[in-house]
Amino acid sequence: MADFDIPELKEYPIIPHIQPGVMAHSKPFVAKPEFQEPLGYPGELVDNWQEKAIEKLGELKGKYRSLQVFLDACVKCGACTDKCHYYLGTADPKNMPVARQDLLRKVYRRYYTFAGKYFPKLVGAVDLTREVLDDWYAYYHQCSQCRRCSVYCPYGIDTAEISMAAREIMDSIGLGQKYCNEIIGKVFKIGNNLGLPEPALADTLEGLEEEVYEDTGVKVRYPLDEEGAEILLVTPSADFFAEPHVDGLIGYGKVFHEAGVSWTLSSYASEAANFGMFIGSYENMRRVALRIREAAIKLGVKRIVFGECGHAWRVAYSFLNTLAGPFDFLDPNYPVPQHICEFTYDLIKQGRLKFDKSENDHMVLTFHDSCNVARASRMGDFPGGQFVIPREIIKATCNHFYDMDDWGIKEATFCCGGGGGLLTDDLMEVRIKGALPRMEALKDVVENYGVTHMAAICAICKSQFTKVLPYYGFTMDQIVSVHQLVSNAIILTRGTEEPGGEAETADAA
Amino acid sequence: MTERLAVPRDEYGFLVDPADWNRELAQALADELGIGPLTPGHWRIIDYVREHWLKHQAIHSVQQTCRHFGLDRKCIWRLFGGPLELWKVAGLPYPGLEAYTYMENEEPDRPAAPFHAGTTARPVSPADGPAGP
């Protein structure tokens, strides 16, 4: 049970009066040396950390021109101040995006600008002290890199880039975050965040095949490591374990089945999530992403499709080709990579999927746009596809759908509160408080339209909502997967032979 | 009580070595967690989850565990209170950080109404399997 006050839900987000320092205590556990070293970082805070951190900042701003621009361009107009869910939920002024950015910017100014070197007080430049470093560690782990503030910034400053750079600097001096770094290490070791080895995955998938067969009488396959399959599905490992994630995975399989395409999962690349992005480390992001390339080559697939995972889709859509490309061995007639929602939507548009929407009549749905899908990537071949496509899938599979208010959806969507590497119980206070604006938007549609469930396309969002919904008077099972709705409503028309017969599924189309 | 629980456990309360586990210890752990007397309905799930871990060294989805026994998806919450309680009573070790996180996120911190109307948590029912000895 929480030992802090749960914010009260209002009709819409109210800008709180500032409470300086109220969240200064919120710091995630520090990574132990054994989890730092496999990622290429010092085990613990190095002796000359100040010098090293300044050096790293110089390296990063030289390497990434965007970072230098973002550090220089801010005019403190204040447009971002009330846009952050963590500020709205905590009232700590250092959670105003401009102030959080300034924790790094003031150090940059001190060491890398003329005015800051000679007249620091005049330009708000400060030395990198232990106190400043502690602030970095606290507040750069109260940013989920959701980029909502960037939408409203007249200069387009990307706070996520600054948070990522700050975390990369801290990692490079031996001050890493336990949650992200331990999990990245698990991917290098086992292949996925949840630590599921090949036999466990095979066992789970076999169980799903039996389950779907019992429920539908159709032999839908959930293949693993099948060479020669057309599609490699890369999905967050939470889809093999958690609720409602696994219902989404069941749905993907039914869609592939109905499409008549052969597909496979890979035990080597059994993780879509890529926490390398959260810690701002292109090197670690690349190491994780390369597993997908290696698996695709080994299995000889022609297409790569990603399951429901927000930041994974950002990595896939925005970084995969440059990090792990070229993917010239894949079929150029399809997007590289493709989102499962794009795949399903195309089939719906072609009239190749049949649904019985009444299967979802026990629910009244709304949709939570995941930040990395909404603001850092796209879907389909038209602007705003990432907003339209998931909604069209929901409308095709459900009779009752209502959007939340404009201030909390699409490009203005609010983070679930657990993104960006914050989905850990040592950050529960910031997670719960950061969920406030989304909960307010949800309350509105629950009261006005009788919404009972919220659908999402992100493993982190789904798990975060499972945890925080009850804190705001909702229930943990009010969050569902979009492909769970597909799974409920889809009418399987292929391979409906009697038990014991061979499934006439794959390779037909 | 303390004597019954005199085995090494980690900071989260998981057994360090699952080989230290026995049925008496499981009952002591269940008492500590407020689960109460373990019935055959509890034991078959404990045995199943332990067997899966010993075979695969991996977590197993709650949904598939429930389904294996023909139970609805909320049986773990009704019987044990949540997936972490089941894991602890089954004497299994720390499952890894992300596995722990996902299990923890499925723990109802507000047990009054963890589930939506229609699937509201209820006391252990005959549907959960054989009652007590």
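On a predicted model such as this, the values are computed, not experimentally measured, just so you know.

(A) Main features of the pattern of salt bridges. Taken as a whole, this structure holds 31 salt bridges over all chains when the rule is applied. Two residues, E226 of chain A and R221 of chain A, come together in a salt bridge whose shortest N-O distance is 2.6 Å. A salt bridge links E230 of chain A to R303 of chain A, with the shortest nitrogen-to-oxygen separation between them at 3.6 Å. With a gap of 73 residues between them, E230 of chain A in the loop between α11 (198-216) and β1 (231-234) and R303 of chain A in strand β3 (residues 303-306) connect regions that are remote in the sequence. Overlapping salt bridges bring together E211, E214, D215, E243 and D247 of chain A together with R67 and R73 of chain B as one network.

(B) Inspection of helix α3 (residues 65-73) of chain A at higher detail. Where α3 of chain A is concerned, the buried positions are L67, Q68, F70, L71 and A73 of chain A. Buried residues along α3 of chain A sit in contact with α2 (49-63), α5 (97-112) and α9 (159-172) of chain A.

(C) Spatial organisation of the packing of helix α10 (residues 178-190) of chain A against helix α6 (residues 97-105) of chain B. Running from N to C, α10 of chain A and α6 of chain B cross one another at 120°; their axes reach a closest spacing of 9 Å. Considering their axes alone, α10 of chain A and α6 of chain B lie oblique with respect to each other. Of the residues in α6 of chain B, those touching α10 of chain A at K178, Y179, E182 and I183 of chain A are L97, E98 and T101 of chain B. Classifying every residue of the contact of α10 of chain A with α6 of chain B by side-chain character gives three nonpolar, one polar and three charged.

(D) Structural detail: the side chain of S270 of chain A. Residues and elements named next belong to chain A. With respect to the element layout, S270 can be found in the loop between β2 (263-264) and α13 (282-299). With relative accessibility at 2%, the residue S270 sits in the buried group. A polar side-chain atom of S270 sits 2.9 Å from a polar atom in the side chain of N192. Once you skip the residues sitting within four places of it in the chain, S270 turns out to touch G191, N192, L201, T235, S237 and F240.

(E) The arrangement of the sheet that holds β2 of chain A in detail. Residue and element names in this part refer to chain A. An order of β2-β1-β3-β4 is seen for the four strands of this open sheet, with the pairing classed as parallel. Looking along the sheet, the strands with just one partner apiece sit at the ends: β2 and β4 (338-339). Seen against the sheet, helix α12 (residues 245-259) touches β1, β2 and β3 and runs at an angle of roughly 165° to β1.

(F) The domain arrangement of chain A, seen in detail. All names here are of chain A. Here chain A is described as being made up of domain 1 (33-183) and domain 2 (184-402 + 451-489). Both faces considered, domain 1 and domain 2 share a buried interface measuring about 1,700 Å² in area, 52% of it formed by carbon and sulfur atoms. Among the residues domain 1 hides against domain 2, the three largest losses belong to R147, M164 and I183. Together they make up 31% of the total. The tally of links from domain 1 across to domain 2 stands at zero salt bridges. Across the contact surface, domain 1 and domain 2 share 17 residue pairs in polar contact (both at pLDDT 80 or more). Here the side of domain 1 that touches domain 2 is composed, by residue class, of 10 nonpolar, two polar and eight charged.

(G) A look at a nonpolar patch on the surface. Residues F114, Y118, F119 and L122 of chain A make up a contiguous nonpolar surface patch of about 540 Å² in total accessible area. With respect to the helices, strands and loops of the structure, F114 of chain A is situated in helix α6 (residues 114-118).

(H) Seen up close, the interface of chain A and chain B. Taken together, the contact between chain A and chain B spans 51 residues of the former and 37 residues of the latter. The junction of chain A with chain B conceals about 3,600 Å² of combined surface from both sides, 51% of it contributed by carbon and sulfur atoms. It is F241, E243 and M476 of chain A that lose the most area in chain A upon contact with chain B, and together they represent 20% of the buried surface on that side. Linking chain A with chain B are seven salt bridges, by the criterion used here. Notably, a salt bridge pairs D247 of chain A with R73 of chain B, separated by 2.7 Å at the nearest N-O pair.

(I) Region of interest: the sheet that holds strand β7 (residues 479-481) of chain A. All names here are of chain A. The strand order β5-β6-β7 describes an open sheet built from three strands, whose pairing is parallel. Because the sheet does not close on itself, it has two edges, and the strands there are β5 (365-367) and β7. For this sheet, the mean angle separating the axes of adjacent strands, direction not counted, is 40°. In the sheet, strand β6 (residues 453-456) pairs with β7 via three bridges, with the strands oriented parallel. Following the sheet pairing, A455 is matched in β7 by V480. Contacts between helix α21 (residues 482-489) and the sheet are confined to β5, β6 and β7, with β7 contributing the most and set at about 70° to the helix.

Definitions and limits used
Residues numbered from 1 in each chain as written. Chains lettered and ligands numbered in written order. Predicted model: local features only at pLDDT ≥ 70, side-chain atom pairs only at ≥ 80, totals over all residues. Heavy atoms only, no water. Salt bridge = Lys/Arg side-chain N within 4 Å of Asp/Glu carboxyl O. Helix = DSSP H or I, 4+ residues; strand = E, 2+ residues; numbered from the N terminus. Buried < 20%, exposed > 50% of the residue type's maximum accessible area, 1.4 Å probe, protein only. Contact = heavy atoms within 4.5 Å. Axes fitted to C-alpha atoms, helices over the stretch in contact; angles between N-to-C directions. Parallel < 35°, antiparallel > 145°, perpendicular 65-115°, else oblique. Nonpolar A, V, L, I, M, F, W, Y, C, P; charged D, E, K, R; others polar. Polar contact = N/O pair within 3.5 Å; in protein donor to acceptor, adjacent residues only side chain to side chain. Pairing = 2+ DSSP bridges. Domains from an automatic or database assignment. Buried area = accessible area lost by both parts, 1.4 Å probe. Patch = residues over 30% accessible without salt bridge, like charges linked within 9 Å, V, L, I, M, F, W, Y side chains within 5 Å. Areas by Shrake-Rupley, 256 points an atom, 1.4 Å probe, with all protein chains shown as cover.

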